[in-house]
There are 2 protein chains.
Amino acid sequence: MSSRSRILRLSRYKNAALRLKSLNFLKVFSDNLADATGVTASQVRKDFSLFGISGNRRGGYQIDELLTQLNKVLGKDKLQKFIVVGVGNMGRGMINYPGFIKSEIKIVAGFDIDPSKYNRKADAPVFPMDELTAFVKTNEVEFGIIAVPDFAAQEVFERLIQAGIKGVLNFAPIRLKSDNTDIVVHNLNLETEIENLIYFVNTKVNPAE
Amino acid sequence: MSSRSRILRLSRYKNAALRLKSLNFLKVFSDNLADATGVTASQVRKDFSLFGISGNRRGGYQIDELLTQLNKVLGKDKLQKFIVVGVGNMGRGMINYPGFIKSEIKIVAGFDIDPSKYNRKADAPVFPMDELTAFVKTNEVEFGIIAVPDFAAQEVFERLIQAGIKGVLNFAPIRLKSDNTDIVVHNLNLETEIENLIYFVNTKVNPAE
DNA sequence: CAAAATTTGTGAATAAAATCACGTTTTCAA
DNA sequence: TTGAAAACGTGATTTTATTCACAAATTTTG
Ligand SMILES: NC(=O)c1ccc[n+]([C@@H]2O[C@H](COP(=O)([O-])OP(=O)(O)OC[C@H]3O[C@@H](n4cnc5c(N)ncnc54)[C@H](O)[C@@H]3O)[C@@H](O)[C@H]2O)c1
Ligand SMILES: NC(=O)c1ccc[n+]([C@@H]2O[C@H](COP(=O)([O-])OP(=O)(O)OC[C@H]3O[C@@H](n4cnc5c(N)ncnc54)[C@H](O)[C@@H]3O)[C@@H](O)[C@H]2O)c1
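Just so you know, these numbers come straight off a predicted model, no measurement behind them.

How should the site of ligand 1 be read in this particular structure?
In the vicinity of ligand 1, 24 residues are found, and the nearest of them are Gly 93 of chain A together with Met 90, Asp 112, Lys 117 and Val 148 of chain B. Chains contributing residues to the immediate surroundings of ligand 1 are chains A and B. In this structure, Asp 112 of chain B approaches ligand 1 through a side-chain N or O atom, which is 2.5 Å from an oxygen atom. Contacts to ligand 1 include Val 148 of chain B, whose backbone N or O atom sits 2.5 Å from an oxygen atom. Compared with its free state, where it exposes 830 Å², ligand 1 has 86% of that area covered by protein. Per-element accounting of the shell around ligand 1 gives the leading share, three residues, to helix α7 (residues 150–163) of chain B. Looking at the shell around ligand 1 residue by residue, the classes come out as 16 nonpolar, four polar and four charged.

Structure below.
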C-alpha cells in the first residue's frame, strides 16, 4: 500500500497529462510532468514504477495509455457514486460542482433534516434522512460526504456505516469514531488548513526563530 | 522550518487540548494527546520539543500554558484577517462559518464580479472587485481565499498579489503561477481529495495487488 | 547502418520522519 | 525523607521517502 502523498501526486500527474492531451500532445516525458506538478523527474518515474506504469526509453509515455493506467489506479475507470449529507453551503457546493461531470465521480443525492432542503425532482435530488439507508442500498452507493454541523457529524457517520457506505469525506471539525475498521475516513478540516497557511506565511516573514 | 504535516499535527494537538480544557482538565499528558489525535506519544513530545514547548516530568503539560504556546506557533495569538474572492457556494460557506468566531481568524469581506452578490451592510460585506486593492491596503489584510471558477483563478491571484496579500488558500483546481516568491499558496483540491479516498477504499477492498 | 543523443527504470545512496529507549525529573505515599 | 512510579526530553535507531546515477533501450541523424 502506498502513502497518501504518493496517491495525491498520481492525481496531479493525471491532471497534468489531461491538460497536455487537450493541447493535442500524444506523448509526455517524466520531465514535463515533473515541471507541471513541482516534483523531480525521478520522483515521477519512481511513482509510476511502483504501480507498474511504464513508458518507452527515449520515447516517454503515450498520454492515452498513461491516462488509462492512472485512471485505473485512481478508480476513475468506473462510476463512483457519492451521497452528500447536510445540504448547507458546503454540501450544496459539492452537489452543484460542474467539474465532476467529466470525471467518473457522481453525486447521486443529498440528505438533510431540514424539510426546506428537500427536492425530489432535481438532477441530484435531496431527501429526508430516513430514506438514506434504503437509497444507499438500492443504488449501491459506496461513498458519503459529511457536511453537517460538528454536533451532528458522529450520528450521521454511524448512519452511513449502517447503510453500508465504504468511504467518507468528512468536513466537520471532529474526529469520527468507529470500531468498524473497514470504513475509510478522510478528514478535511478547513480551519486546520488555514492555520497551516498562517504558520507558513508567518515563518516566511520572520525566518529567524 | 518544519514540515507541513508537523504543523497540521500541532493544530490537532491544540484542538484536542481545547476539548480537554472544556472538560475542566488542567493538565494533559503526551499520551492523552496521542490517543486523541492518532499518533504516538513520542511523536507528540518530539513535535513539542522542536518548538521549545516543554512540560513537567511526571506532571505532563499545563493545558493553559500549552494552549498559549501552540496558539503562538499557529499565529492564533493575534487576529488574522482574510478576504474571500468569489462568493459562490464555497465562498459563502467560508464567510458564514460560525466556527471562526471563537478563533482568531476573521473573514472581513468578500469580493465578486456578480452585482447580485454585493452587500455593503452585512457583517462581512461583499464588494465589487475594483475595490479589492484599496480595501486590502486600508485594512491591512494579509490572507486571501480564492473561490472563483478555475478560469478566473489566475487573474484573481495576480490581483491579490498586487494588493499585497501574503498567503492564499486556493480552492480552484489549477496550479497558480507567479514569479513572486514571497507569496505562500496552499491548494485545496476537492476532486483530488475524493480520488484519494476512492483509492484507499478500493485497495482496502482488494488487498491483493 | 552505425554512432550519438535521449529518456526510461531501478538499485544504491541520501535525506527526512518516526519510533525507541533510557536517563532525568517530578510526584506521591509511607 | 526516602523509595518507587510516572512522564518528560532527547540522542540513537529504524523506517520511510526521495534523489542520485547509470545501464539498457529507443530514436534520431548523418
Ligand atoms: N463546489 C465543489 O464541490 C468544488 C469541488 C472542487 C473544486 N471546486 C472549486 O472551488 C471554486 C469555487 O467553487 P464554488 O462551487 O463556490 O463556485 P461557484 O460557481 O458557486 O461560485 C463562484 C463565484 O465566483 C464569482 N466569480 C466568477 N468570476 C469571478 C471573477 N473573475 N472575480 C471575482 N469573482 C468571480 C461568481 O460570481 C460566483 O459567485 C471553483 O474553482 C471550483 O472549481 C469546487
Ligand atoms: N463553511 C466553512 O467555511 C467551514 C469551515 C470549516 C468547517 N466547516 C464544517 O463543514 C460542515 C458543513 O459546513 P456548512 O457551512 O455547509 O454548514 P451549514 O450550516 O451551511 O449546513 C449544514 C447542513 O446540515 C443540515 N443538518 C443539520 N443537522 C443534520 C442532521 N443531523 N442530519 C442531516 N442534516 C443535518 C442542516 O439542515 C444544513 O442544511 C460543518 O461541520 C462545518 O463545521 C465549514
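This is not the end of the story, as more comes after the structure.
Which parts of the structure should I look at to understand the sheet that holds strand β8 (residues 184–187) of chain B?
To summarise the sheet geometry, strands pair through backbone hydrogen bonds and adopt either a parallel or an antiparallel arrangement. Residue and element names in this part refer to chain B. Judged by pairing direction, the sheet is parallel, and its six strands sit side by side in the order β5-β4-β3-β6-β7-β8 without closing on themselves. The open sheet is flanked by β5 (126–128) and β8, the only strands paired with a single partner. Each adjacent strand pair in this sheet contributes to an overall mean axis angle of 25°, direction not counted. Inspection of the sheet shows strand β3 (residues 80–85) paired to strand β4 (residues 105–112) by six bridges, in the parallel sense. Bridging across to β4, Phe 82 finds its partner in Ile 107. The sheet contacts of α7 involve β3, β6 (143–146), β7 (167–170) and β8, and relative to β6 the element is tilted by about 170°.

Just checking my understanding: could you explain the packing of aromatic side chains for this structure?
Where two aromatic rings form a pair, the distance of their centres and the angle of their planes describe that pair. Residue and element names in this part refer to chain A. By the definition in use, this model includes 18 aromatic pairs over all chains. Taken together, a centroid distance of 5.5 Å and an interplanar angle of 90° make the contact between Tyr 13 and Phe 48 edge-to-face. Of the two residues, Tyr 13 is situated in helix α1 (residues 4–22) and Phe 48 in helix α3 (residues 41–50); the sequence distance between them amounts to 35 residues. Phe 48 matches Tyr 13 in its accessibility class, with the two residues each being buried. The interplanar angle of 75° and the centroid separation of 5.6 Å between the aromatic rings of Phe 111 and Phe 135 together place this pair among those described as edge-to-face. Remark: Phe 135 occurs in helix α6 (residues 132–139) and Phe 111 occurs in strand β4 (residues 105–112); sequence separation between them is 24 residues. For Phe 111, a relative accessible area of 0% translates into the label buried. Members of the aromatic cluster, joined through ring pairs, are Tyr 13, Phe 48 and Tyr 61.

Would you take a moment to explain the relation of the copies chain A and chain B for this structure?
For the pair chain A and chain B, the relating rotation is 180°, the translation along its axis is 0.0 Å, and the fit reaches an RMSD of 0.0 Å. Here the copies are linked by what is in effect a two-fold axis. Both copies present the same face, since 100% of the interface residues in chain A are matched by interface residues at the equivalent positions in chain B.

Just checking my understanding: could you explain the site of ligand 2 for this structure?
In the vicinity of ligand 2, 23 residues are found, and the nearest of them are Met 90, Asp 112, Lys 117 and Val 148 of chain A together with Gly 93 of chain B. More than one chain lines the surroundings of ligand 2; the residues nearby belong to chains A and B. In this structure, Asn 89 of chain A approaches ligand 2 through a main-chain N or O atom, which is 3.1 Å from an oxygen atom. Taking Val 148 of chain A, its main chain carries an N or O atom lying 2.5 Å from an oxygen atom of ligand 2. Protein contact buries 87% of the 830 Å² of open area that ligand 2 shows by itself. Elements supplying a minimum of two residues to the shell around ligand 2: α5 (89–96) and α7 (150–163) of chain A together with α5 (89–96) of chain B. For the shell around ligand 2, the element with the highest residue contribution is α7 of chain A, accounting for three residues. Of the residues assigned to the shell around ligand 2, the class counts are 15 nonpolar, four polar and four charged.

Sorry if this is basic, but what is going on with the pairing of β4 of chain B here?
Side-chain direction in a regular strand flips from residue to residue, so the side chains alternate between the two faces of the sheet. Residues and elements named next belong to chain B. Of all eight residues in β4, seven are buried, a share of seventy percent or more. For the handedness criterion, the β-α-β arrangement of β3, α5 and β4 is classed as right-handed. Both β4 and β5 contribute to a ladder of three bridges, which runs parallel. Bridging across to β5, Phe 111 finds its partner in Phe 127.

Looking at this structure, how should I read the interface of chain A and chain B?
How big an interface is tends to be stated in terms of accessible area lost as the parts join. Contacts between chain A and chain B engage 60 residues on the former and 60 residues on the latter. A buried area of about 5,400 Å², summed over both sides, lies between chain A and chain B, and 65% of it is on carbon and sulfur atoms. Counting across the chain A and chain B interface gives eight salt bridges. Residue Lys 76 of chain A is joined to Glu 191 of chain B by a salt bridge in which the shortest nitrogen-to-oxygen separation is 3.6 Å. For the interface between chain A and chain B, the tally reads 14 residue pairs in polar contact (both at pLDDT 80 or more). Elements represented by at least two residues in the side of chain A that touches chain B include exactly α1, α2 (30–37), β3 (80–85), α5, β7 (167–170), β8 (184–187) and α8 (190–205) of chain A. Residue contributions to the side of chain A that touches chain B peak at 15 residues, all from α8 of chain A.

Would you explain the protein's contact with DNA strand C in this entry?
For DNA strand C, the set of nearby residues contains 21 residues, the closest of which are Ser 30, Ser 54, Gly 55 and Arg 58 of chain A together with Arg 57 of chain B. Restricting attention to atoms of DNA strand C within 4 Å of the protein, one finds that 62% of them are sugar or phosphate atoms. A distance of 2.8 Å separates a phosphate oxygen of DNA strand C from a polar side-chain atom of Tyr 61 of chain A. Arg 9 of chain B places a side-chain nitrogen or oxygen 3.2 Å from a phosphate oxygen of DNA strand C. Where the surface near DNA strand C is concerned, the elements lending two or more residues are α3 of chain A together with α3 (41–50) of chain B. Residue contributions to the surface near DNA strand C peak at four residues, all from α3 of chain B. Class assignment of the residues belonging to the surface near DNA strand C gives a composition of two nonpolar, ten polar and nine charged.

Rules and cut-offs
- Residues numbered from 1 in each chain as written.
- Chains lettered and ligands numbered in written order.
- Predicted model: local features only at pLDDT ≥ 70, side-chain atom pairs only at ≥ 80, totals over all residues.
- Heavy atoms only, no water.
- Near = heavy atom within 4 Å.
- Polar contact = N/O pair within 3.5 Å; in protein donor to acceptor, adjacent residues only side chain to side chain.
- Areas by Shrake-Rupley, 256 points an atom, 1.4 Å probe, with all protein chains shown as cover.
- Helix = DSSP H or I, 4+ residues; strand = E, 2+ residues; numbered from the N terminus.
- Nonpolar A, V, L, I, M, F, W, Y, C, P; charged D, E, K, R; others polar.
- Pairing = 2+ DSSP bridges.
- Axes fitted to C-alpha atoms, helices over the stretch in contact; angles between N-to-C directions.
- Contact = heavy atoms within 4.5 Å.
- Phe/Tyr/Trp six-rings, centres within 6.5 Å; stacked < 30°, edge-to-face > 60°.
- Buried < 20%, exposed > 50% of the residue type's maximum accessible area, 1.4 Å probe, protein only.
- Least-squares fit on C-alpha atoms with pLDDT ≥ 70 in both.
- Right-handed = clockwise from strand over helix to strand, strands pointing away.
- Buried area = accessible area lost by both parts, 1.4 Å probe.
- Salt bridge = Lys/Arg side-chain N within 4 Å of Asp/Glu carboxyl O.

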